Amino acid sequence: TQAQLRPLALDTALVRDGKPQAVICHADLPAWRAAATRIQAAVKQATGVSLPLKTDQELSPEEANQTNLILVGTLDNHRLVARLYHNIFVCLDVGYTGEKGYVIRSVHAPFGGGNVLLVGGSYGPGTEAAAEAFAGLVKQQGRPGELVFQRLQILKPDTRKRQEERIGLLDDKARDE
């Protein structure tokens, strides 16, 4: 048999024909929950449609593979972001964006199902900034009953807390310990 490539899923529909086409999946922590709620409000205002909110623990693997997702979390607090991180689709950990920096990026059908939009920061303030920036994009792109994004890749780093403190080289004694 001849192998056939999957078609590229370059557009990520969040709302189509007045119906939700995505789930907002957030880390179960206050700043990340607040950011997810901000995104949900922006989508509702722009399109008239409310996207469902779920924590990363509430979203089943089947749901994760069947729908488009907006992920709000990091390697350290969100199991789906960790899965994408470990498969080298995204990079969002405590050293990536800095305290108030953020990333917004699309990942097209990473596991054969829906697309993923990652909206977040390494820390709470950056995650809040990401939600505000994404809300601005939603306002620009959305219209009643419709919201579809093409490829997104935005990185706004902040130098504060961007990387962990450098650990010096280990001497033989420290290595053995």
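Structural data are supplied above this passage.
Report follows, based on the coordinates. Here the structure is a predicted model, which means the values were calculated and not measured.

### Quick look at the overall build of the protein chain
Turning to step 1, where the next piece is worked out: Within the protein chain, the secondary structure is distributed over five helices and nine strands.
Turning to step 2, where the next piece is worked out: Along the longest, intermediate and shortest principal axes, the C-alpha atoms of the protein chain span 65 × 50 × 25 Å.
Turning to step 3, where the next piece is worked out: Per-residue burial over the protein chain gives 45% buried out of 177 residues.
Turning to step 4, where the next piece is worked out: Contacts spanning at least 24 positions in sequence make up 69% of the contacts within the protein chain whose residues lie at least 6 apart.
Turning to step 5, where the next piece is worked out: A total accessible area of about 10,100 Å² is found for the protein chain, and carbon and sulfur atoms account for 49% of it.
Turning to step 6, where the next piece is worked out: In the protein chain, which carries 21 positive and 20 negative side-chain charges, the distance between the mean positions of the two groups comes to 8 Å.

### Topic: the nonpolar core
Turning to step 1, where the next piece is worked out: In this structure, Leu-14, Ile-39, Ile-70, Phe-134 and Phe-149 are the most contacted members of the largest nonpolar core, which totals 30 residues.
Turning to step 2, where the next piece is worked out: Mapped onto this core, the elements with two or more residues apiece are strand S1 (12–16), strand S3 (22–26), helix H1 (30–47), strand S5 (68–72), strand S6 (102–107), strand S7 (116–120), helix H4 (124–141) and strand S8 (147–149).
Turning to step 3, where the next piece is worked out: Top contributing element to this core by residue count: H1, with eight residues.
Turning to step 4, where the next piece is worked out: Among residues more than four places away in sequence, those in contact with Phe-134 are Leu-14, Ile-39, Ile-70, Ile-104, Leu-117, Val-119, Phe-149 and Leu-152.
Turning to step 5, where the next piece is worked out: In terms of nonpolar packing, the next biggest core, distinct from the first, is built from 15 residues, Leu-59, Leu-80, Val-90 and Val-116 among them.

### Comments concerning H1
Turning to step 1, where the next piece is worked out: In this model, H1 (18 residues) spans 26 Å end to end at C-alpha, consistent with the 26 Å of a helix rising 1.5 Å per residue.
Turning to step 2, where the next piece is worked out: Ala-31, Trp-32, Ala-35, Ala-36, Ile-39, Gln-40, Ala-42, Val-43, Ala-46 and Thr-47 are the residues of H1 that are buried.
Turning to step 3, where the next piece is worked out: Following H1 by one or two positions, Gly-48 has its phi on the positive side, about 85 degrees.

### Examining the pattern of salt bridges
Turning to step 1, where the next piece is worked out: Throughout the structure, instances matching the rule amount to three salt bridges.
Turning to step 2, where the next piece is worked out: As a salt-bridge pair, Arg-33 and Asp-28 come within 2.6 Å of each other at their nearest N and O atoms.

### Notes on the side chain of Thr-74
Turning to step 1, where the next piece is worked out: The topology assignment puts Thr-74 in the loop between S5 and helix H3 (79–86).
Turning to step 2, where the next piece is worked out: Setting aside anything within four residues of it in sequence, one finds Thr-74 in contact with Trp-32, Val-81, Leu-92, Gly-121 and Ser-122.

### Focus on the environment of Ile-104
Turning to step 1, where the next piece is worked out: One can find Ile-104 in strand S6.
Turning to step 2, where the next piece is worked out: Expressed as a C-alpha distance, the spacing of Ile-104 and Gly-120, which sit 16 residues apart in the sequence, is 6.6 Å.
Turning to step 3, where the next piece is worked out: Not counting residues up to four positions away in its chain, the partners in contact with Ile-104 are Leu-118, Val-119, Ala-130, Ala-133, Phe-134, Leu-137, Leu-152, Gln-153 and Ile-154.

### Some thoughts on the environment of Ala-82
Turning to step 1, where the next piece is worked out: Position of Ala-82 relative to the elements: it lies in helix H3.
Turning to step 2, where the next piece is worked out: For the pair formed by Ala-82 and Asp-93, sequence separation is 11 residues and the distance between their alpha carbons is 8.9 Å.

Parameters and conventions
Residues numbered from 1 in each chain as written. Predicted model: local features only at pLDDT ≥ 70, side-chain atom pairs only at ≥ 80, totals over all residues. Heavy atoms only, no water. Helix = DSSP H or I, 4+ residues; strand = E, 2+ residues; numbered from the N terminus. Buried < 20%, exposed > 50% of the residue type's maximum accessible area, 1.4 Å probe, protein only. Contact = heavy atoms within 4.5 Å. Areas by Shrake-Rupley, 256 points an atom, 1.4 Å probe, with all protein chains shown as cover. Lys, Arg positive; Asp, Glu negative; His and termini not counted. Charge placed at Lys NZ, Arg CZ, Asp CG, Glu CD. Core = buried A, V, L, I, M, F, W, Y, C linked by side-chain atoms within 4.5 Å. Expected span 1.5 Å × (residues − 1). Salt bridge = Lys/Arg side-chain N within 4 Å of Asp/Glu carboxyl O.

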